[in-house]
Structures are given as structure tokens and as C-alpha cells.
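# Secondary and tertiary structure notes
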Amino acid sequence: MALLEVNDLTTTFATDRGPVRACDGVSFEVERGEVLGIVGESGSGKTIAALSVMGLVPPPGVIERGSIRFDGEELRGAPEHRYRDLRGRQIGMVFQDAGRALDPVHTVRSHLREASGRQDDHGALLQRVGLDADLLDRYPYQLSGGQRQRVMIAIAIARDPALIIADEPTTAVDALTQVALLAELMRLRHELGAALILVSHNLGLISRVADRVAVMYLGQILELSPTAELVREPGHPYSAALLRATVPLDGDGTRLEGVGGNPDSLLDPPSGCVFSRRCPHADDSCAMSRPALVATAPGRHSACHHLDRFAEATRGVGYGS
Amino acid sequence: MGAELLRLTAAGRDFASGLFWSRQRTVALEALDLELRPRETVGLLGQSGSGKTTALRIAGFLLRPTRGEVSVGGRDPWRAGGRERRRLRRDVQYVFQDGSDAFDPRQAAAGIVEEPLRNFGVPATDRRERVAEGFAAVGLTADLRDRHPHQLSGGQRQRLGIARALVLEPGTLLLDEPVSALDVSLAAQVLNLLRDLQEQRGLGYLLVSHELPVVQHLADRVLVLYAGLVVEEGGAKILSAPAHPYTQALRAAALTVDPGAGLPPIAGVAPPAQRGCAFAPSCPAVHDRCREARPALARQPDGRRVRCFLFSDQIDNDADRLSEELP
């Protein structure tokens, strides 16, 4: 049994212009100790997927369908006190903007006291995330962005969780701090033997640390594959497009291919395959029916009607081939 | 090479901080030399606190340099009269990191692009046409004219910011992290758009970014800044094989798609030193001398200039004024 089993998760928001499915039939598993990357652009539903697992879907969002099993226990519909307990003890969370996630009127010590449930040893916790114990009595505004993010990581690991969910944990900091923070997170995760769901729009970052990657677009997972295989031979036209759009190191400075077309809106999702309006391989059948996420090779899953055609056209275009 | 668009000569800026009786001087930018010509992109690469944003604001004469000079088309905007300064201002336009912070949220897209035209007294009859041209130039469709900033996607807002910067037909665009708030697919489109506009209009770009691949992609020349000083400078190709340990760290930190490569060991997150080489506390190649004295920018055989004792054998002929004047 996997640590986390998400099945057909559908999270809907009521808006003035009708219901919006931010997550639409999302299924994935996370094994113990595994790092799963969820990559996607704004509006892809990656953050809502993470929030749904944590029971933190903001109103007016509701989980309309599906199941979320953590360590065998069904969480969908679990009472708030059960979620609170889980979030404290077994699921640690790191958010993008620690400046907002931390309470401005509480010191670091007070945050750590609440997170750990212990009255002392807070300095040791801070040292575990590479911060000086001197910072315990500071308020969040007295810390740098990188320090605040480390405090968030300390809170997340305070009770040795089995699963850490990190949503764009390093997006608000600059390049060097990003790598240092990520290295810290990966080291701690390894020490704890915890699984990690790493949500990011940055495929480069994900590729460095994730065992498997789920690629999301417009609320759906379009590909779910081991990282190395996805990069070497993308199993979905959108995965291939994301790889091509990434600004390369030591490129020749010529035009970037990009994804093509404009981002679709959840308010007006394409019929059939959600990527069909932008896909170079799409034909009429793509707009007719939604392709299911099916196994295409051991460990690989893809939601595409024309995988054969796509595979033919892109053979050898992946990274490192 | 066309005529010079923009030049900074040993331009630097200090900020005062603290209370009156304990006022301290913080050096945001020590001294920067750069020049920009039409169809050229100069990239300023560095982290927050490197001085790159200060440099950009000096170049846009939003900030008066404490020392050194700025000139636009050969004229110093700080010595020019009001009318001439306005004319110079027209020629150097800003593109901000994220349009949502830079725009008036109550104004519709067309009004945002029109505003600079109105400020510069362009007659109403011409304005409508110029706004339409601006929209077309950046690939925004006319049906977005009445949308407000929050109703636009991140990519559309960034295009709108570029359209607004372009309507006055400037020679220079100052690009402040133009794609760092954007998703990959949109970033690619905006980078392509910037490339096309430069080719069509002969624009000069002064680009600020903390992302090495972005600077490498757009820039012809690069200045790498750390703690207010240039530590390495040269053609963009220097970023493929950086000499200075700081530039090397920035390159290593560029997380390219590379499964299994893991994360690079990173030096470079300690606060800069006040004495000697500022990068010494983070530098993997540090030795005693680095903590005592500050290295000068020294020209290397391949033409680049590097501020590091590892590369100071070839002493620059136009010796670094700074290392002589400052402690």
C-alpha cells in the first residue's frame, strides 16, 4: 500500500461564471520515501491538488469527487480536528511565501513551540535547518526571505512527518538561496525518510530531485512518469513542449519554441483533451473525447489519443538523446 | 554600431540608513561603467543586494547617482533643463517585473498604454492609433482593450507593460526581471517578442536578472554584480565558462533539466564581507589575501575582466580607480 493514494480527485470552485474544476479527476500515488514532483503552469491545478490532500481547499472550493487515502485512512470528509492532527504530526507543509504563512505577531520560538508541541529544544530544531538559535526570539519581519523559508521547513519537520508537501518552496528567493534551501529540504527529507510532494512550475528544479513527475495542465494530469524517462522521451506533447520552452543553458540564443498558442482558461476548458487547442498533433478526435491517463510502459502513464503519432514525430528530441 | 544610447560612467549610489545621530552609509552600487548601443543588450546579472536594480534605476534617471555620471544620447539628464529632461525621459522606458504591481488597477488596458502618450501631450486623435499599434506590436488582441490588469493573464500583463514602454518610441528599454514572474511557456514567448522588437526597431536593452540562462539568452554583453561591484564582465559567452567563483556559483545554481544530476553544492549565501573581497566569506577558493585587500578588475587574455586574485596576474592598464580610492 502506498503512503498516499489519490483517486479521481475533483475539486470545484463556484464562480460568478459557473463552476470551475481546478482539479479534474486527478489520480496519483506517493510511495514511502519517494519524491513526487508535480509540475505545471499557473492554473494547472497543481496547488489545488496539494491543498486538497492537506484538507486546506480555500472556500468556495469543495472536493466534489474522489478519494484521498493517507496510510490507508480515507481523508475525504474527515473532520477538521482529524486533519489538524494529521497536518501537525504526519504531513508537514512548506508554502511559497513564508512571509504570509508565518504569523507576524509571533516569534520564531512561538511558531516552533506550537509546531513541535514541546516547550524546549527549539534551538536544536532551528539548527537542523541551518539557522542560528539566536533567531528564536525574532519576529518573521526581522528575518530574510531565505531565513523565513527555513523556519517554515523547521515547522514542517518538527514532528518527523511521513509526508512533506512543498508548494513552490523556493520561488520567492534568488538562484543561490534557492539551491541552498532545496538542498536543505532534501537532506532533511532523507534523514526523516519522509516522502515529498514537490509542486513547482520549474521543470529544471523538479528534474533534479524528483523520482517521478506528474505533469498537470488545466486541472488534469497529462503525464505521470519516472523523471529520467519523461525527460529523455516525453510521453505527452505537453511534456515535450514544456521541455522545449525551458530557457537552455549555453543555448545558441535563437528563438525558443515555446508551447504554442495561448494558455487556456479553466472558465472555458476545451472539450475533449484539455491540451487539444495548443497541441501540434491534435485532430478532430482530440476535441471529441477526453483521453484517459493510461499505462503506456512500466511505470509510465499518459493521457493522449495519438501517442503513436506523437512518439514517431518526437523520437530523439528529448534531452540527453 | 550606431550612436551611443546610454552611458554610465563610474556611476554609484549610497543610501543613508538609521536615525540622524547614528546615520550609516550603505553602498548600494560602488561604481559602474557601461554603454549601450542600438540593437545591443547589456545584461546585469546578480542576486538581490548586488546593486543591479540600483544600476537600472540610475540608468532610467529615477535615482540620482551619488558619484559618477549618466548620459542619454550624450546628454546628462541631471544637468539638463526640465524640457530637455522630459525629452530624454521619453527615450528611456521601463518594463517592470510584474505588470500587476506597476499598473493602476482601476485603469483599463488601453488607458494604461495611452497614459504615457497623454503625459507627453500627444494629441487625442493620434493617441488612439498609437495605442492600437502598441497592442499589435506586442501581440495583444484589440478585444483586451477594456480589460483591467487583474483580468489579464501574467503573460498578457507583461506584454501590456512592453506596449506601454514602446508607445513613446524610445531607443532604450530597461528590462527589470522581465520574465521571472512568468511560467516557462509564457517566458519563452516574451523572450521571443523582445528579440523580435529589438530587431525591428533597433532597440537597446539594459536587462536585469538573477537568472543566468535568461541573461545568457538575451544579452550581448554581461556585467556580473556582487555587493555593488562588477566582479566579471565581458561578452555573453563568458557565462559558458565563468572565471569568477561567484559567476561560477550562479552558473551552477541554474537548475537546468538534468534528471539525476541532483543539486550542485552551493557556496555564495553568506553575507558579503565589508573588508577585502566581498565574496570571500562564500568563496570556495578563498585565501588569506582575499580577506585583506580587494582585488581590482583585471583584463584577461580573452578580453573579459575579472575581479579576483586568482585572475589578477594580468593587471589592467586602465587600472581600477576604485581599488585605489577606496579602503
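Remember, predicted model here, so these are calculated numbers, not experimental data.

### So, the confidence of the model for chain B
Residues and elements named next belong to chain B. On average, residues of chain B score 89 in pLDDT, and 93% of them are at 70 or above. Taken element by element, the predicted model of chain B shows its lowest mean pLDDT in helix α11 (residues 321-325) (44) and its highest in strand β3 (residues 41-45) (98). Within the model, pLDDT remains below 50 along residues 314-327, and this stretch shows 24 contacts once partners closer than five positions in the same chain are excluded. On the interface metric, ipTM, the complex scores 0.87, and its pTM is 0.89.

### With respect to the packing of helix α4 (residues 108-116) of chain A against helix α6 (residues 145-157) of chain A
Residues and elements named next belong to chain A. Direction vectors running N to C along α4 and α6 enclose 20°, while the axes themselves pass 8 Å from each other. In terms of orientation, α4 and α6 fall into the roughly parallel class. Our pair here, α4 against α6, has a crossing hand that is right-handed. For the pair formed by α4 and α6, the contact residues are Val-108, His-111, Leu-112 and Ala-115 on the first element and Val-151, Ala-154 and Ile-155 on the second.

### Some thoughts on the interface of chain B and chain A
Each partner contributes residues to the interface: chain B has 41 residues there, and chain A has 44 residues. Summing both sides of the interface, chain B and chain A together bury roughly 3,400 Å²; the carbon and sulfur share of this comes to 61%. Notably, a salt bridge pairs A:Asp250 with B:Arg251, separated by 2.7 Å at the nearest N-O pair. Linking chain B with chain A are 14 residue pairs in polar contact (both at pLDDT 80 or more). Going through the elements one at a time, α7 (184-201), α8 (212-218) and α9 (245-252) of chain B are the ones with two or more residues in the side of chain B that touches chain A. The biggest single contributor to the side of chain B that touches chain A is α7(B), with nine residues. Here the side of chain B that touches chain A is built from residues that sort into 23 nonpolar, 13 polar and five charged.

### Thoughts on the sheet that holds strand β12 (residues 300-302) of chain A
Residue and element names in this part refer to chain A. Across the sheet, eight strands lie side by side as β6-β7-β8-β3-β9-β10-β12-β11; this open sheet has mixed pairing. Pairing within the sheet leaves two strands with one partner each, and these edge strands are β6 (91-94) and β11 (294-297). Strand-to-strand twist across the sheet, computed as the mean angle between neighbouring axes with direction ignored, equals 20°. Relative to strand β9 (residues 212-217), strand β3 (residues 35-39) is paired through four bridges, and the arrangement is parallel.

### A look at α6(A)
Residues and elements named next belong to chain A. Across its 13 residues, α6 extends 19 Å between first and last C-alpha, which sits within 8% of the 18 Å expected from 1.5 Å per residue. Taken as a whole, α6 has its buried residues at Gly-146, Gln-149, Arg-150, Val-151, Met-152, Ile-153, Ala-154, Ala-156 and Ile-157. Summarising the contacts, the buried residues of α6 are in contact with β6, α3 (98-101), α4, α5 (122-128), β7 (163-167) and α7 (175-192).

Conventions adopted
- Residues numbered from 1 in each chain as written.
- Chains lettered and ligands numbered in written order.
- Predicted model: local features only at pLDDT ≥ 70, side-chain atom pairs only at ≥ 80, totals over all residues.
- Heavy atoms only, no water.
- pLDDT = per-residue confidence, 0-100.
- Helix = DSSP H or I, 4+ residues; strand = E, 2+ residues; numbered from the N terminus.
- Contact = heavy atoms within 4.5 Å.
- Axes fitted to C-alpha atoms, helices over the stretch in contact; angles between N-to-C directions.
- Parallel < 35°, antiparallel > 145°, perpendicular 65-115°, else oblique.
- Left-handed = near helix turned anticlockwise from the far one by under 90°.
- Buried area = accessible area lost by both parts, 1.4 Å probe.
- Salt bridge = Lys/Arg side-chain N within 4 Å of Asp/Glu carboxyl O.
- Polar contact = N/O pair within 3.5 Å; in protein donor to acceptor, adjacent residues only side chain to side chain.
- Nonpolar A, V, L, I, M, F, W, Y, C, P; charged D, E, K, R; others polar.
- Pairing = 2+ DSSP bridges.
- Expected span 1.5 Å × (residues − 1).
- Buried < 20%, exposed > 50% of the residue type's maximum accessible area, 1.4 Å probe, protein only.

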